[in-house]
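Coordinate inspection notes
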Amino acid sequence: MQRRHLIQAAGSLPLAALAARTAFAFDGPELYVGEKALYAEAQKEGLCVSFDTGPEWANWKSLFRDFKKRYPDIELTYNDIGSAATVVALEKTRRRPQADTAYYFAASAVDAARKDVVAPFKPVSFDKLPAVFKEPEGRWFTIHTLNIAFLINKKLVKNIPASWADLLKPEYKNTVVYLDPRSTGIGQVLTFAAAYANGGGVDNVQPGTDYLGKLHSAGNVLRVEGTTPYAKFLKGEIPIWISYENDGLKAKYVDGMGDAAEVVIPKEASVAAPYAISLVKNGPNPNAGKLWLNFIMSEAGQSLFAQGFVRPAVPGTPLAPDVAARMPAAPQVRPLDVVKASERKAEVDRLWAQATVGK
């Protein structure tokens, strides 16, 4: 997913419409208690600036569309700069914040909270989230996850592996590609997934690095990549790619691989990498920001994420049958504690290098 530096409107309003706002723009029941009152306050601001929500990623374009339909008097603008750059931007503008909300991989959310550039806010469904998927006061909270999976090109692989144990078999020699844990977030996350699958976890990552060492020793690793090899997977250059589930689903249903692509969540264990959002501290449009965050966490918003091949963070979010069929229930997936995971990065780097380099 390429990041682009831009800011643009998700929708625009004629001047006449801005001058003649109505009290409420939607009929029927509220999505949550107090929705109409919050919208009335947000109308006084008229704008919400949403950092790092590029429209083609995670189906943000559909959330923009449906938010605009429900709240036509709120102008929604965004940029697309990446997780780490978002935290840098919030820090540089802390005296005169430009953003109302900020979206990022949850490790960056932890960093933003530590730097005191985000504000506490508990949106709808906050209490339903697992404890490791939120900061207790609401300075950040998970809105969707990406699960580690095996992405398989069936034209290159005869027997579909169902487990981490399967990948060690001789038939998978020179087939497996994954990202370097020392330089990529996905690499770190998949190492924790391998750890859970082999009796370890976020508090004990060595079973994961040991497993990857065995994969190398068996000769089953084709190569370790430094950047995402999505284009190579589409071109048929990768038999088995350990990555995020959504990459495989996008390749299968959007980018032309069709039935040649298979997505498998390994049966022993996987992990769900949390992606989070925050209300920016002293943002210029706090009520519009809260309205946007509540919509994202509502049943309506959460179900739209699933249509973009990422899993909703709120348990029990109802999905359309076709969407649910693409992402079946996977109880073996563990929620990743990004606070603990971040604290162990140096350990992962060291143990992975010891287990794999030269093998």
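In case you missed it, the structure is sitting above this.
About the thresholds
As a convention, each chain's residues are numbered from 1 in the sequence order in which they are written. Totals for whole chains, interfaces and linings use every residue, but because this is a predicted model, local features are given only for residues with pLDDT of at least 70 and side-chain atom pairs only at 80 or more, for both listing and counting. For side-chain calculations, the full set of non-hydrogen atoms in the structure is used, while hydrogens and water are omitted. Secondary structure is summarised from DSSP: a helix means a run of H or I of at least four residues, a strand means a run of E of at least two, and numbering begins at the N terminus for each. How far a helix is expected to stretch is found by multiplying one less than its residue total by 1.5 Å. Only protein chains enter the accessibility calculation, which uses a 1.4 Å probe; a residue is then buried when its area is under 20% of its type maximum, exposed when over 50%, and partly exposed in between. Any two residues whose heavy atoms approach within 4.5 Å are treated as being in contact. Note: two strands are recorded as paired if DSSP finds a minimum of 2 bridges between them. When the strands point away from the viewer, a crossover counts as right-handed if the path from the first strand over the helix to the second runs clockwise. Between 30 and 60 degrees the pair is tilted, below 30 it is stacked and above 60 it is edge-to-face, where a pair is any two Phe, Tyr or Trp rings, Trp via its six-membered ring, whose centres lie within 6.5 Å. Throughout this description, the term charge over a ring refers to an Arg CZ or Lys NZ atom that lies within 6 Å of the ring centre and within 35 degrees of the ring normal.

1. What to know about helix 8 (residues 206-217)
Between its terminal C-alpha atoms helix 8 stretches 16 Å, which fits the 16 Å expected from 12 residues at 1.5 Å a residue. The set of residues buried in helix 8 consists of Pro207, Gly208, Thr209, Tyr211, Leu212, Gly213, Leu215 and His216. On its buried side, helix 8 packs onto helix 6 (164-167), strand 7 (176-179), helix 7 (185-197), strand 8 (221-225) and helix 15 (345-356). With its phi angle positive at about 80°, Gly219 sits one or two positions after the end of helix 8.

2. Observations regarding the pairing of strand 2 (residues 47-51)
For strand 2, the tally of buried residues reaches 4 of 5 residues, placing the bulk of the element in the interior. Direction of pairing for strand 2 relative to strand 3 (residues 75-79): parallel, over a ladder of 4 bridges. Bridging across to strand 3, Val49 finds its partner in Thr77. For the segment spanning strand 2, helix 3 (residues 60-70) and strand 3, crossover handedness is right-handed. Looking at chain direction, strand 2 and strand 4 (residues 101-105) are connected through 2 bridges and run parallel. In the strand pairing of strand 4, Phe51 is matched with Ala102.

3. Some remarks on the packing of aromatic side chains
Summed over the entire model, instances satisfying the criterion amount to 20 aromatic pairs. Ring plane angle 55° and centroid distance 6.4 Å describe the contact between Tyr230 and Trp241, whose orientation is recorded as tilted. Linking Tyr230 in helix 9 (residues 230-234) with Trp241 in strand 9 (residues 240-244), this pair joins segments that are 11 residues apart in sequence. Trp241 carries the same exposure label as Tyr230, and that label is buried. A cation over an aromatic ring shows up here: Arg326 above the ring of Tyr253, its NZ or CZ 4.0 Å from the ring centre.

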